[in-house]
Amino acid sequence: MTVTQIRRPPAQHARRPSGPSAARNRIWDAGPMTKVVLAFALVLSAFPIYYMFIMATRTNEEAIDVPPPLFPGGHLGENIARLLSTEDAYFVTGLVNSAIVSVTVTFSVVLISTLAGFAFAKLRFRGSKILLGLILVTMMVPLQQMGVVPLYELMVTLGWTGQLKAVILPFLVNGFGVFMMTQYATQAVPDELVEAARVDGASTMRIYVNVILPALRPGMAVLTLLVFMQTWNEFMWPLIVLNPDNPVVQTSIAALNQAHGTDYVMLFTGTAASVLPLFIVFIAFGRQIVGGLMEGAVKA
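For the structure given in this document, a descriptive report is provided here.

Quick notes on the rules
- Residues numbered from 1 in each chain as written.
- Predicted model: local features only at pLDDT ≥ 70, side-chain atom pairs only at ≥ 80, totals over all residues.
- Heavy atoms only, no water.
- Axes fitted to C-alpha atoms, helices over the stretch in contact; angles between N-to-C directions.
- Helix = DSSP H or I, 4+ residues; strand = E, 2+ residues; numbered from the N terminus.
- Parallel < 35°, antiparallel > 145°, perpendicular 65-115°, else oblique.
- Left-handed = near helix turned anticlockwise from the far one by under 90°.
- Contact = heavy atoms within 4.5 Å.
- Nonpolar A, V, L, I, M, F, W, Y, C, P; charged D, E, K, R; others polar.
- Core = buried A, V, L, I, M, F, W, Y, C linked by side-chain atoms within 4.5 Å.
- Buried < 20%, exposed > 50% of the residue type's maximum accessible area, 1.4 Å probe, protein only.
- Phe/Tyr/Trp six-rings, centres within 6.5 Å; stacked < 30°, edge-to-face > 60°.
- Expected span 1.5 Å × (residues − 1).
- Bend = angle between axes of the 7 residues up to and from the residue.
- Polar contact = N/O pair within 3.5 Å; in protein donor to acceptor, adjacent residues only side chain to side chain.

Description of the packing of helix α10 (residues 175-188) against helix α12 (residues 204-232)
At step 1: Where α10 contacts α12, the axes come no closer than 9 Å and their chain directions differ by 160°. By the angle between their axes, α10 is roughly antiparallel relative to α12. Relative to α12, α10 is oriented so that their crossing is right-handed. For the pair α10 and α12, contact is made by Phe176, Gly177, Met180, Met181, Tyr184, Ala185 and Ala188 and by Ala215, Leu216, Pro218, Gly219, Met220, Val222, Leu223 and Leu226, respectively.
At step 2: Looking at the contact of α10 with α12 residue by residue, the class counts come to 13 nonpolar, two polar and no charged.

This is how it looks when you write it as structure tokens:
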């Protein structure tokens, strides 16, 4: 009688969970020294912003006290009223212009980048690799610094100097955004999903709206924050092409510094007001931004 030995299949290794929740768990599982270093880095990064808002609630006499005040005062409304009423920097006009420019440029860059990223990643057409290579070349060359003179001459020829379209139209397309969305679409959207949609009779635009955009949402949130911050903080080109009475917020702060260089509270209040929209954008897109970054970090 032959005894047949049944071999037990080897135990499968437990699969490590992946995704944003797993990344957060690994952060909380870090050692005490890692947490101390992270907390110290957080304090160093956040303290200047905290101090800026504290000074916006104080007076100039309190701002130069030694040691400096570390808690809010009661003069925030007064400082904001002085900031908005000053006629040297046109601060309200700068805030409105920056909002218009940043929202327009961000919407255009995200829309065009997702369309181009979908085309480069999932559509097959002649010359796609050459076009993508040319886009990468534009990222390697500092076009803004090298092209200031010809771009300014173009604005003068078109008669756009002093107008907001002079700081909007040159930045409606972003090479980094196209490259980022191309890479994200390549990894986030399987080719089989696109082919299944085509078999079901979906058009290319229908695939873009119903298949591509939902998958690209985390990457779009990250790109939205990056482009909005870059456009909001742009200083050199608006300073060159816009008039002092029609500024953006960064040139308004520069004019405020020139007119009220010793009014420290005014400068702190203006800087704090210029930072608030960035906080609002981060709060609006925060979960998707952090989720997109963590998803990209743990995807490998």
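Still to come is the rest of the account.
Focus: the nonpolar core
At step 1: In this structure, Val105, Val167, Ile168, Ile207, Ile212 and Val241 are the most contacted members of the largest nonpolar core, which totals 33 residues.
At step 2: Counting only elements with at least two residues in this core, the list comes to α5 (91-122), α8 (148-158), α9 (165-168), α10, α11 (191-199), α12 and α13 (236-241).
At step 3: The biggest single contributor to this core is α12, with eight residues.
At step 4: The contacts of Val167, once residues within four sequence positions are left out, are Val101, Val105, Trp237, Pro238, Val241 and Leu242.
At step 5: Grouped together as the second largest cluster of nonpolar side chains are 13 residues, Ala89, Val249, Met266 and Val281 included.

Here's the deal with the environment of Val194
At step 1: Within the element layout of this structure, Val194 appears in helix α11.
At step 2: The exposure class assigned to Val194 is buried, which follows from its relative accessible area of 2%.
At step 3: Non-local contacts of Val194, meaning those with residues more than four positions away in its chain, are made with Lys122, Val189, Ile207 and Ile212.

Here we look at the packing of aromatic side chains
At step 1: Under the criterion given, the structure shown has seven aromatic pairs.
At step 2: For the pair Phe53 and Phe279, a centre-to-centre distance of 6.2 Å together with 65° between the ring planes defines the contact as edge-to-face. Placement of the pair is Phe53 in helix α2 (residues 32-55) and Phe279 in helix α15 (residues 264-298), with a sequence separation of 226 residues.
At step 3: Judged by its relative accessible area of 27%, Phe53 is partly exposed.

Topic: α2
At step 1: Taking 1.5 Å of rise per residue, 24 residues should cover 34 Å, and α2 covers 34 Å from first to last C-alpha, within 8% of that figure.
At step 2: Of all the bends in α2, the greatest, near 35°, is centred on Ala46, and the proline Pro48 appears no more than four residues after it.
At step 3: Along α2, the positions that sit buried rather than exposed are Tyr51, Met52, Ile54 and Met55.

Some thoughts on the side chain of Thr57
At step 1: By the element assignment, Thr57 lies in the loop between α2 and α3 (60-63).
At step 2: Only 2.6 Å separates the side chain of Thr57 from the backbone oxygen of Ile54, close enough to count as a polar contact.
At step 3: Setting aside its immediate chain neighbours within four residues, Thr57 contacts Pro72, Gly73, Gly74, His75, Leu76 and Asn79.

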